[in-house]
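Analysis of the macromolecular model
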Amino acid sequence: MDAQFLIEVEALAATIDQLDYFGVLRLPQSATPGEIKAAYYRESRTYHPDRYAAVDSAELRELIGRIYRRVNEAYTILRDDRKRLRYVADIGGPDRDRKLRFTEVEEAQVKEEQKKKIEEQFGQTPNGRKFYAAALVELQAGRWDGAERALRSALMYEPGNAKFKEQLAAVQSETEKTRPKGDYRIK
Amino acid sequence: MSDDIAVGIDLGTSYSCVAVVPADGNPPTVLPNEWGERTHASVVSFLEDGTVLVGNDAKKNIITNAENTVYSAKRLIGRFFFSDEVKKAQAVMPYQIVEGANNSVRVGVKDKVFAVPEISALVLKEMKAIAETALGREVHKAVVTCPAYFNDNQRQATKDAGRIAGLEVLRIINEPTAAALAYGFGRDISQKICVYDLGGGTFDVSILEIGKDVFEVLSTAGDTYLGGDDFDDRIMTWLADDFLARHGLDLRQNKFCLQMLKEAGERAKIEVGRDGVADIKVPGICQSPEGEVLDMVQRLTGDQFNRMVMDLVQRTFKVCDEALQSARLTAGDVDAVILVGGPTRLPIIRNSVRHYFQREPMTGVDPDEVVALGASIQARALLSTQAAEQGQASYLLDVTPLTLRVGTVGGFTEAIIDKNTPIPIEKSKTFTTSRDGQDRVRIRVYQGESNRSEGCETLGEFEFSGFRIGYRGEVQIQVTFEIDSNGIVNVSATDLETGQKTSTTISLSSGLTENDLQKAMDDNAAVELSRGPRAA
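Report on the accompanying structure. Since the model is a prediction, treat every value here as computed from it, not as a measurement. (Residues numbered from 1 in each chain as written. Chains lettered and ligands numbered in written order. Predicted model: local features only at pLDDT ≥ 70, side-chain atom pairs only at ≥ 80, totals over all residues.)

**Quick notes on the overall build of chain B**
For clarity, the cut-off: Helix and strand definitions follow DSSP, with helices as H or I runs of at least four residues and strands as E runs of at least two, each counted in order from the N terminus. Here exposure depends only on C-beta density: within 10 Å of a residue's C-beta, 20 or more other C-beta atoms make it buried, 12 or fewer make it exposed, and intermediate numbers make it partly exposed, the C-beta atoms being placed from the backbone. Residues are scored as being in contact if the C-beta atoms we place from backbone atoms lie within 7 Å.
If you tally the helices and strands in chain B, you get twelve helices and 27 strands. Taking the principal axes of the C-alpha coordinates as reference, chain B spans close to 80 × 55 × 45 Å. Residues counted as buried form 48% of the 536 residues belonging to chain B. Relative to all contacts within chain B whose residues are 6 or more apart in sequence, the contacts with residues 24 or more apart total 68%.

**Quick look at the sheet that holds strand 15 (residues 214-223) of chain B**
Residues and elements named next belong to chain B. Note the cut-off: Two strands qualify as a pair provided DSSP detects at least 2 bridges between them. Helix axes use the C-alpha atoms of the stretch in contact, all axes being lines fitted to C-alpha atoms, and the angles between their N-to-C directions lie in the range 0 to 180 degrees.
Ordered by their spatial adjacency, five strands build an open sheet running 18-13-14-15-19, and the pairing between neighbours is mixed. Pairing within the sheet leaves two strands with one partner each, and these edge strands are strand 18 (336-340) and strand 19 (395-397). On average, each strand axis in the sheet is tilted by 25° relative to the strand beside it, whichever way the strands run. Alignment of strand 15 against strand 19, held across three bridges, turns out to be parallel. The partner of Phe-215 across the bridge, within strand 19, is Leu-396. The strands that helix 5 (residues 175-183) touches are strand 13 (191-198), strand 14 (203-210), strand 15, strand 18 and strand 19; relative to strand 13, the one it contacts most, it runs at about 125°.

**Section: the interface of chain A and chain B**
Put simply, the rule is: Just so you know the grouping, Ala, Val, Leu, Ile, Met, Phe, Trp, Tyr, Cys and Pro go in nonpolar, Asp, Glu, Lys and Arg go in charged, and all remaining residues, Gly too, go in polar.
In this complex, chain A contributes 20 residues to the contact, which on the side of chain B involves 23 residues. When residues of the side of chain A that touches chain B are traced back to their parent elements, those giving at least two are helix 3 (33-47) and helix 4 (58-78) of chain A. Split by residue class, the side of chain A that touches chain B holds nine nonpolar, five polar and six charged.

**Digging into the packing of helix 7 (residues 126-141) of chain A against helix 8 (residues 144-157) of chain A**
Residues and elements named next belong to chain A. Quick reminder of the rule: For this classification, under 35 degrees means roughly parallel, over 145 means roughly antiparallel, 65 to 115 means roughly perpendicular, and everything else is oblique. For any helix crossing, the convention is left-handed if the near helix is rotated counterclockwise from the far helix by under a right angle, and right-handed if that rotation is clockwise.
Their axes nearest at 8 Å, the elements helix 7 and helix 8 cross at an angle of 165°. As judged from the angle between their axes, helix 7 and helix 8 are roughly antiparallel. Of the two possible hands of crossing, helix 7 and helix 8 adopt the one that is left-handed. For the pair helix 7 and helix 8, contact is made by Asn-127, Gly-128, Phe-131, Tyr-132, Ala-134, Ala-135, Glu-138 and Leu-139 and by Gly-146, Ala-147, Ala-150, Leu-151, Ser-153, Ala-154 and Tyr-157, respectively. Classifying every residue of the contact of helix 7 with helix 8 by side-chain character gives ten nonpolar, four polar and one charged.

**Some thoughts on the sheet that holds strand 6 (residues 52-54) of chain B**
All names here are of chain B. Strands sit in the order 6-5-7 across an open sheet of three strands; the sheet is antiparallel. Because the sheet does not close on itself, it has two edges, and the strands there are strand 6 and strand 7 (69-71). Across the sheet, the mean angle separating the axes of adjacent strands is 15° when strand polarity is ignored. Bridging between strand 5 (residues 43-46) and strand 6 involves three bridges; their strand directions are antiparallel. Bridge pairing in strand 6 places Phe-46 opposite Val-52. Across the sheet, helix 1 (residues 56-64) touches strand 5, strand 6 and strand 7, and the angle it forms with strand 5 is around 65°. The strands that helix 3 (residues 116-135) touches are strand 5, strand 6 and strand 7; relative to strand 6, the one it contacts most, it runs at about 70°.

**Some words on unusual backbone geometry**
One can expect most non-glycine residues to show negative phi and most peptide bonds to be in trans. All names here are of chain B. The linkage connecting Ile-423 with the following residue, Pro-424, adopts the cis geometry, with an omega of 0°. Residue placement: Pro-424 occurs in the loop between strand 21 (413-417) and strand 22 (425-432). Here the phi dihedral of Asn-103 falls at roughly 65°; this positive angle occurs in a residue that is not glycine. Considering the arrangement of structural elements, one finds Asn-103 in the loop between strand 8 (96-99) and strand 9 (105-109). By the C-beta count within 10 Å, which is 16 here, Asn-103 ends up partly exposed. The phi dihedral of Lys-110 is positive, around 50°, even though this residue is not glycine. Looking at the element boundaries, Lys-110 is found in the loop between strand 9 and strand 10 (112-115).

Right, dumping it as structure tokens:
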């Protein structure tokens, strides 16, 4: 095997911890999914451990293994649109050096954020969610007073929920509109 | 060594096969035994004279020497004694299945007790002997295949079996992947293919994208409890119920009758698949309490058979759905379908596959031999000394079939490496101590798709020690989970601050210890394979 290649492998294995996934796959950050796959195949042809299985040097095989595991890791993240988006944001941020490898913590954060979003959308407490869901049903049916009652109940459990307040204001303005002019309510 | 040789071995539930790529560059070829048989029953029969008979002759002994004849060992390999599969096997197998250390499974034959890999090793020893006879030289290296859906325990046990048989297992490769390799697509255009692999005891589906020299597995799914045996079971149940109604005798109560019934079931399945109808005749299957010798005579039509197994066939397509979904494809995106495994000869399977994928499945390579042929191609590639310079003819980019998890509090698990992630791969996770002065950290590792630990398979419990002692939360241990090219999991840990590797002990593992292995290797080497005169 030519000496040039051995030097390259050693250098790459030594510096791989400083590369981001685009660097590992030798790609620009703008790469399309097709380009990512092509790059993965290209790097696989070069660094697939099977290619070096019959090489005597255990040291070389170990270096190749280290590189190829990272190639697989890079491909796994970059082929997944959601993870890729998150990863690009991570390595573009101030913590770049700590986030060159996509980690559990990041994934847990993603889940946490999604959960928070959903909660904000539908309420944080079981009862808040229940009444808010009921309000939405009433709204769909066009029963404004029913919706107003349900939203007030929801706000009893979550007085600070901005979404609930917003909806309530909208509903109240609707009831205001439909209420006949000249107030003759039957007692 | 340029004259080095390595064979490919398909170690099947029911049948095994060995193949080689000749050194002269000819295409891969199956190595037959002295009698010209190309596939060999994965049956091990322990004879009176102390020798061991393996293969199609041993299969005949399932009835005549039932207690000392072990078959379908692959259904037990790498399983815990308490698993459902083992309980089920205990109920139907005429040989003894007993509990060994660490919840492992042992097979009792005469006065000896064998670990399951030791039984599989005897099958491998026979494959090795067949190859050596056919090639006229010694064989020490092999690629052995396993179902794509095998977990770490099962893969490790398969690898152990190879070692016990005196083979250096260059690689464990997945059966569907091997089959794809044997078909050798490799044109410039990229194609998406589906491998539908229905074996004796397991079912696998793999979806691959194949370019010029790259075989990328996009997804794999499977069922390690579904195979041709289950089709036989349906026929057996029907025959037994019918016999019970006619004669008031339950053939399943007697292990001898059960074996005759099983054999009749398998024969009927093959016949009905080939001829559209099967005439079943088992003279003298049992004796009535009055001493009358009873025969079993029945006729199984194709329609009857299809109705019996329809739900099993449908189960295979649920697995296909799952694999396609993971690969983000639909059945219509698949450019070719490969059929693997003897049961795929059945018309009901062929027709259903054709209907599901809306295309004619490929059957150019014998479904019983295709896996061994593929394994031999990979074996040859792994020995190639020119590959480093010139590249391989093809690269297998395979995936892990199951999500790797660690146990968390309250019986929950957390995913570490998702299923269908390309291998080899590694991932690290940092654990901290939870008590002041804690000197060891213990983690449980699982494989499976449930976030509850009881819904997953336990791989083992790892205990790390030898790190710095400190206040709780102060000591950080980075645990690295690696899945190697065989799909086998390795776990190691380092103290993050000092960079010191900690020592690791594994408990609760179904595997064999190094000592067990050494002893098993010696025992295996001492076994003499029966090569006696052959009954007609």
